[in-house]
Amino acid sequence: MRHSAETIADRVVDGLFIQESTGENMHVPVKGIRGWISPFADSYANRVITTDTHCRSETIQAVMGFFSQRSAGVTWVVRQNEISSGLPQMLMEMGFKPGRYHKVAGMFLQTDTVRHTPDSEVYIRNVTRDDEEALLETIIAATKMSSIEHQRYLFRHGAAPGNSVRHLSYLAYVAGVSHPVGYGKSAYFSDHQTVMLNGAGVIEAFRCRGVYAQLLQHRMQAAIECGRKDFIIQSARDSSFPTCVRFGFQEVCEMEFYQWSPESASI
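Residues numbered from 1 in each chain as written. Predicted model: local features only at pLDDT ≥ 70, side-chain atom pairs only at ≥ 80, totals over all residues. Heavy atoms only, no water.

A few points about the packing of aromatic side chains
Under the defined criterion, the tally for this structure stands at six aromatic pairs. On the numbers, 5.7 Å between centres and 85 degrees between planes, the contact of Trp76 with Phe96 is edge-to-face. Within this pair, whereas Trp76 is found in strand 4 (residues 74-78), its partner Phe96 is found in the loop between helix 4 (87-93) and strand 5 (97-110), the two being separated by 20 residues in sequence. Assigned by exposure class, Trp76 and Phe96 land together as buried. Between the aromatic rings of Phe96 and Trp260, the centroid separation amounts to 6.3 Å while the plane-to-plane angle is 35 degrees, which identifies the pairing as tilted. One end of the pair, Phe96, is in the loop between helix 4 and strand 5; the other, Trp260, is in strand 12 (residues 250-260), with 164 residues separating them in the sequence. Taken together, the ring pairs connect Trp76, Phe96 and Trp260 into an aromatic cluster. Sitting over the face of the ring of Tyr188, Arg166 holds its NZ or CZ atom 4.6 Å from the ring centroid. (Phe/Tyr/Trp six-rings, centres within 6.5 Å; stacked < 30°, edge-to-face > 60°. Helix = DSSP H or I, 4+ residues; strand = E, 2+ residues; numbered from the N terminus. Buried < 20%, exposed > 50% of the residue type's maximum accessible area, 1.4 Å probe, protein only. Lys NZ or Arg CZ within 6 Å of the ring centre and 35° of its normal.)

So, the nonpolar core
In terms of nonpolar packing, the biggest core is built from 40 residues, with Leu197, Val211, Leu216, Met220, Phe231, Ile233 and Phe249 touching the most fellow members. Elements with a minimum of two residues in this core: strand 5, strand 6 (122-126), helix 5 (132-143), strand 7 (165-174), strand 8 (182-189), helix 7 (211-225), strand 11 (230-236) and helix 8 (241-246). Sort the elements by how many residues they give to this core and helix 7 lands first, with nine residues. Those residues in contact with Leu216, other than ones at most four positions away along the chain, are Leu197, Ile233, Thr243, Cys244, Phe247 and Phe249. Listed in part, the 21 residues of the second largest apolar core include Ile60, Met64, Phe66 and Phe96. (Core = buried A, V, L, I, M, F, W, Y, C linked by side-chain atoms within 4.5 Å. Contact = heavy atoms within 4.5 Å.)

Printed below as a string of structure tokens:
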């Protein structure tokens, strides 16, 4: 099935908001805004995006006021058409700063084959319930973002029965090391055949050894074996982007992430 670039771009953006209805998350009640606030204060744990054609400073102030009252930070996703409209400048003038993963490419690939490049030094395996703590510790070690309590919350609610998105996670190991050195996650949607490769990371000391490429390859192969062949990924330009291009992914949209917290505003 062929997809329009607009439809694919919409799915890439929607994929960033699959946590909206997770657990105790609450929708942000600001007109012209889509997003959620979680029980966690980390900017990484809360996210918004505009739904209006033009975002006004009053809307940004309302979002900041909402999160400030709850002593929580927020990440603002800026879409491609908003980057040139002046929204990034407006956000930064009001106290937002570029996020750690600031410039992101929304990418798409349709394929029923994956170039298989086995690596005897890297081993990938599926995560089970018994691996929960190992997975969470690996995510924190690889990304140095969020908290283990937040990651535990996401893992448990993501695996809850009745969830419209099925989440699968993987751990990566290298020869001679007993602990996992990387992780990868996939999201299978129930309302369409697209699989989102929604997060992967490698502990810094084990980067540039092909671990990320093996995680990407393994997740795609697992999805193809389940009959899926449409893949989307949100790829950080300064890290995973070149590897995704090498695997055949093509950019369909660009995004920028900006973060704000009440603590940073008081400095």
